[in-house]
Structures are given as structure tokens and as C-alpha cells.
Amino acid sequence: PARPLATTNVALVLTTDGSTGSYSVVELASRNVSKDLKLGGIHNNAIARFFGGRVYVVNRLGADSIQILDPQRGFITPPNGMLSVGNGTVPQDIVFVNDSKAYVSRLNSPKLLIINPTTLQRTGELDLSGLTQPHDSDGSPDPGYMLRRNGMVYVALRHLDVRQPQLPQVARGEVAVIDATTDRIVTVIQLL
């Protein structure tokens, strides 16, 4: 029989093995584990972020979506709790500005998706195509992980050459610094 899950003082653990994805919840005080709450309930290539009392799963290559796991509903995905971010765009991360604004980086798109994380509605895009390098054969600077700090969003640009993935990168990575109020690129930091 199912037992109610704690919704506070818990840790969510994602498990992905390349063929299936699942998640478990650990009650930190008692160390009780609710294993594999929904086998296959997340993609086999996923990461999770916590914001506003909900868990946001970035389902990557092959799933291309943002998924909410709601602790108040037993860590299930509520109705309308899934957003496609574009077939083949391979989302990498989500960073939250506030209750009505978040950025989603997509490896195969030069545009950061801007969404409302509460409603999972698309609200815009921020074009990074001006930051592509000559070997960015797909026209994308390959935005990856992101971090928000002091009103700025820092986006790692990987500059992968998808035509020759076995070769080392030609360009050095960069970090684009974005003003989260104006959705404008403030500067680009070159990495050594």
C-alpha cells in the first residue's frame, strides 16, 4: 500500500541509466526511502532543479521537455505539468529569475527559451546567435549550464563542433552574462 510522502525535509534523487529514468524520495529525518516512485516517470537523461516548492526536471536528449514534479501531489507530474521545448533542441538547464520568469538553455538552439515556471507557458526567447563561432556548424553557440546571481544570468557556451565531435574543440568556451531584467547580453567572458 502506498504511504503518504513527506513534502518537506526530503531529498529527491534522480536515477538515469541511459535506458530508463526514475526518481526516489528520502525523508532526511527518518532516512525512509520511497524508491522508484514512477519508473520511467522521467527521461533517461535528466537533471532536476528546485524552485517555488516544486521540482523541475530537464528531460534532455530525446525528450526535449521541462517537467514539474509536485511534492504536494506525492511528487507526480500534475496536469499541464510538462512543456516541450522543441524537438531536437536538447535542453540543458533551467534557471529561475522569479515566479513568472525562467530561462531554458537548449544545446541545439541559439535561443534561450523564456518561460513562466508557474504556468509552464512560453513567454519569449533570447537570441544568442550573435555569439556563434565559425565552427559552430549548427548555428548555435551550444548554451549549457546556467547560474543566476545578483540579477544576472550566467550561461556557459560550449561551442561544440557537431560535425566532428571526436576532435577537440577549436574555440574556447565562454560565459554569456545576461541582465535578467532587460533580457540583454551585458558581456561575454572568455574562458582560458
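Predicted model only: the values in this text are computed from it and were never measured.

A.B. asks: Honestly, the packing of aromatic side chains in this entry has me stumped. Any pointers?
C.D. replies: The relative placement of two aromatic rings is captured by the distance of their centres and the angle of their planes. All told, the structure shown has two aromatic pairs when counted by the stated rule. Seen from their ring centres, Phe 51 and Phe 96 are 4.5 Å apart, and the 0° between their planes marks the pair as stacked. Placement of Phe 51 in strand 4 (residues 46-51) and of Phe 96 in strand 8 (residues 91-98) is noted, with a sequence separation of 45 residues between them. Looking at Phe 96, the relative accessible area reads 8%, which means it is buried. Considering the side-chain rings of Tyr 56 and Phe 96, the 4.8 Å spacing of their centres and the 55° angle between planes classify their relative orientation as tilted.

A.B. asks: Explanation requested: the environment of Leu 120 in the structure shown.
C.D. replies: Residue position: Leu 120 is located in the loop between strand 10 (111-116) and strand 11 (121-127). Not counting residues up to four positions away in its chain, the partners in contact with Leu 120 are Tyr 56, Ile 66, Ile 68, Asn 80, Gly 81, Met 82, Leu 83 and Ile 115.

A.B. asks: Could you clarify how one ought to interpret the nonpolar core in this entry?
C.D. replies: Among soluble globular proteins, nonpolar side chains are generally buried collectively. Among the nonpolar cores identified, the biggest contains 15 residues, and Tyr 103, Leu 112, Val 153, Val 155 and Ile 178 are the most heavily contacted of them. In terms of residues, this core owes the most to one element, strand 13 (residues 152-157), which gives three residues. When sequence neighbours within four positions are dropped, the list of residues in contact with Val 155 reads Leu 112, Pro 143, Gly 144, Tyr 145, Met 146, Glu 174, Val 175, Ala 176 and Ile 178. Within the second largest apolar cluster, 14 residues are counted, among which are Val 58, Val 85, Ala 102 and Leu 120.

A.B. asks: Hey, could you run me through the sheet that holds strand 7 (residues 82-84) in this one?
C.D. replies: Hydrogen bonds along the backbone pair up the strands of a sheet, which may run parallel or antiparallel. With respect to topology, four strands assemble into an open sheet ordered 4-5-6-7, the strand pairing being antiparallel. Two strands lie at the open edges of the sheet, namely strand 4 and strand 7, each paired on one side alone. The sheet shows a mean angle of 20° between the axes of neighbouring strands, taken without regard to direction. Bridging between strand 4 and strand 5 (residues 54-59) involves six bridges; their strand directions are antiparallel. Within strand 5, the position partnered with Phe 50 by the bridge is Val 55.

A.B. asks: Help me understand the pattern of salt bridges in this model?
C.D. replies: Pairing between side chains of opposite charge can happen when the charged atoms of each approach one another. Counted under the stated rule, the structure contains five salt bridges. The closest approach of N and O atoms between Arg 73 and Asp 70, which form a salt bridge, is 3.6 Å. Where Lys 111 meets Glu 125, a salt bridge forms, and the shortest distance between an N and an O atom there is 3.9 Å. Within this pair, whereas Lys 111 is found in strand 10, its partner Glu 125 is found in strand 11, the two being separated by 14 residues in sequence.

A.B. asks: Got a minute to help me understand unusual backbone geometry in this structure?
C.D. replies: Trans is the common state for peptide bonds, and a negative phi is the common state for residues other than glycine. Look at Asp 142: it is not a glycine, yet its phi comes out positive at around 60°. Along the chain, Asp 142 falls in the loop between strand 11 and strand 12 (143-149). A positive phi angle, near 50°, is found at Asn 150, a position not held by glycine. By secondary structure assignment, the location of Asn 150 is in the loop between strand 12 and strand 13. What makes Asn 150 exposed here is its relative accessible area of 69%.

Thresholds applied
Residues numbered from 1 in each chain as written. Predicted model: local features only at pLDDT ≥ 70, side-chain atom pairs only at ≥ 80, totals over all residues. Heavy atoms only, no water. Phe/Tyr/Trp six-rings, centres within 6.5 Å; stacked < 30°, edge-to-face > 60°. Helix = DSSP H or I, 4+ residues; strand = E, 2+ residues; numbered from the N terminus. Buried < 20%, exposed > 50% of the residue type's maximum accessible area, 1.4 Å probe, protein only. Contact = heavy atoms within 4.5 Å. Core = buried A, V, L, I, M, F, W, Y, C linked by side-chain atoms within 4.5 Å. Pairing = 2+ DSSP bridges. Axes fitted to C-alpha atoms, helices over the stretch in contact; angles between N-to-C directions. Salt bridge = Lys/Arg side-chain N within 4 Å of Asp/Glu carboxyl O.

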